[in-house]
Amino acid sequence: MMLYRPIPRTDPARPAAARWLAGGWCWFAEAEILTPGQPARAVPVSELPLPALKALTGPRTLPFLPAGRPALMGILNVTPDSFSDGGRFLNPEAALIQARGLIADGADILDIGGESTRPGAADVTVDEEISRTAPVIAALRAEGVTVPISIDTRKAAVARAALEAGADLVNDVAALGFDAELAPLVAARGVPLCLMHAQGDPATMQDDPRYDDVLSDVYAFLEARLAAAEAAGIPRTRLISDPGIGFGKTVVHNLALIARISVFHMLGCPVLLGASRKRFIGTLTGETRADRRVAGSIAVALAGAAQGVQILRVHDIRETKQALTLWHACQQEQE
Ligand code: HH2
């Protein structure tokens, strides 16, 4: 498989021939041609085939994407066992307080999940997952919260209950591979859907993940799942793609995906990056406590922003927002 990866830049000195990446804040004047097993080769935009150029430059139009910067998706795990905050927000009142805090800190989207997908996590019944998530969503809507809410689930019944309680989009870490009822539900409701790559399931995914070429393998998987979603009646304009950092990946796999994450813009839909507090940050820094990985998480978020990633899924909204604001300000042309 041959992939075109735009080489994104944010420098104020933008050459005339450069094109804006996905209608966003990065430009590119060159793209890398990536073929597994061969050295990457850079070509000017003028040499890109028209379909590739169209996919790379077309604006992404989901209503909750802010102009000129990535959207910040705040994580709320209503679970006893999530890797970084398990048990802290299982009580509905604690979950509501956390949700209000994330919104006050500037979250553009809230991602609410009732099942931990951390490596080795146990399965949760549908009823339990619904009772953890739907009441929190309903309570937020009842108190007038208008921030878009995403339901992080692989299960149609959980997604249905969340949408009925007031959720706006579905985040499926199984990319429609877990529950055959999920695609028809999302198609019928006309809501956006995030499709994430994972290798294996949560119980065993970190045992011995292997790829021929991680970038092309993950790309091919997402391309196939996006096509399956479209075939089920969900248009690409409502789809989001996510390489799934930490889901069946070694540190080397995660870093290879992050270093070239802009390749996923070729899929023609917004890209989501979820690296916040994950284990590879601990592996690289020696920080064993997930809640002390904020600085490392911000560095990864900025690396994503520098490649035009449209949605950053993070635990620490206030800190990430401050970093992004300054990162962006430092690259603006001052009159
Ligand atoms: N990561 C986690 C959960 N859901 N969804 C998307 N789209 N992308 C991700 O990278 C992603 C995700 C895992 O992180 P977290 O929610 O913090 O932990 P846990 O799964 O233990 O609840």
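That block above? That's the structure.
Rules used in this analysis
- Residues numbered from 1 in each chain as written.
- Predicted model: local features only at pLDDT ≥ 70, side-chain atom pairs only at ≥ 80, totals over all residues.
- Heavy atoms only, no water.
- Axes fitted to C-alpha atoms, helices over the stretch in contact; angles between N-to-C directions.
- Helix = DSSP H or I, 4+ residues; strand = E, 2+ residues; numbered from the N terminus.
- Parallel < 35°, antiparallel > 145°, perpendicular 65-115°, else oblique.
- Contact = heavy atoms within 4.5 Å.
- Nonpolar A, V, L, I, M, F, W, Y, C, P; charged D, E, K, R; others polar.
- Near = heavy atom within 4 Å.
- Polar contact = N/O pair within 3.5 Å; in protein donor to acceptor, adjacent residues only side chain to side chain.
- Areas by Shrake-Rupley, 256 points an atom, 1.4 Å probe, with all protein chains shown as cover.
- Expected span 1.5 Å × (residues − 1).
- Buried < 20%, exposed > 50% of the residue type's maximum accessible area, 1.4 Å probe, protein only.
- Arc of directions from axis to C-beta.
- Pairing = 2+ DSSP bridges.
- Left-handed = near helix turned anticlockwise from the far one by under 90°.

Student: Any chance you could explain the packing of helix α6 (residues 214–231) against helix α7 (residues 251–259) here in plain terms?
Tutor: Two measures define how a pair of helices packs: the angle their axes make with one another and the distance between the axes. For the pair α6 and α7, interaxial distance at closest approach is 9 Å and the crossing angle is 70°. By the angle class used here, α6 and α7 are roughly perpendicular. Taken together, the residues of α7 that come into contact with α6 (itself represented by Val-214, Leu-215 and Val-218) are His-253, Ala-256 and Leu-257. Across the contact of α6 with α7, the residue classes tally to five nonpolar, one polar and no charged.

Student: Just to check I follow, could you spell out the site of the ligand for this structure?
Tutor: Surrounding the ligand, one finds 19 residues, the nearest of these being Ser-82, Ser-116, Thr-117, Asp-242 and Lys-278. Take Gly-274: an N or O atom from its main chain is 3.2 Å from an oxygen atom of the ligand. Between the ligand and Arg-313, the relevant distance is 2.8 Å, taken from an oxygen atom to a side-chain nitrogen or oxygen of the residue. Notes on the ligand: free accessible area 470 Å², of which the protein chains cover 99%. The residue inventory of the shell around the ligand, partitioned by class, reads seven nonpolar, seven polar and five charged.

Student: Can you help me understand helix α9 (residues 294–305) in this one?
Tutor: Residue pairs three or four apart in sequence face the same way in an α-helix, which turns once every 3.6 residues. Counted at 1.5 Å a residue, the expected span for α9 with its twelve residues is 16 Å, and the 16 Å between its end C-alpha atoms agrees. Of the positions making up α9, those classed as buried are Val-294, Ser-297, Ile-298, Val-300, Ala-301, Gly-304 and Ala-305. The buried side chains of α9 occupy one side of the element, clustering within an arc of 160° when seen end-on.

Student: Would you explain the sheet that holds strand β1 (residues 3–6) in this entry?
Tutor: Sheet strands associate in pairs through backbone hydrogen bonding, adopting either a parallel or an antiparallel arrangement. One open sheet accounts for three strands, arranged β1-β4-β5; its pairing is antiparallel. Across the chains shown, the open sheet's two edge strands, defined by having one partner strand only, are β1 and β5 (41–44). The average undirected angle you get between the axes of adjacent strands in this sheet is 35°. Sheet topology note: the strand β4 (residues 30–34)/β5 ladder contains four bridges and is antiparallel. The residue bridging Glu-30 from the neighbouring strand is Pro-44, located in β5.

Student: Where do I start with the packing of helix α3 (residues 126–142) against helix α4 (residues 156–165) in this structure?
Tutor: Contact geometry for α3 and α4: axes closest at 8 Å, N-to-C directions at 15°. Between α3 and α4, the crossing angle belongs to the class labelled roughly parallel. Between α3 and α4 lies a crossing of right-handed hand. Residue-level contacts link Val-126, Glu-129, Ile-130, Thr-133, Ala-134, Ile-137, Ala-138 and Arg-141 of α3 to Ala-157, Val-158, Ala-161, Ala-162 and Ala-165 of α4. Considering only residue class, the contact of α3 with α4 consists of ten nonpolar, one polar and two charged.

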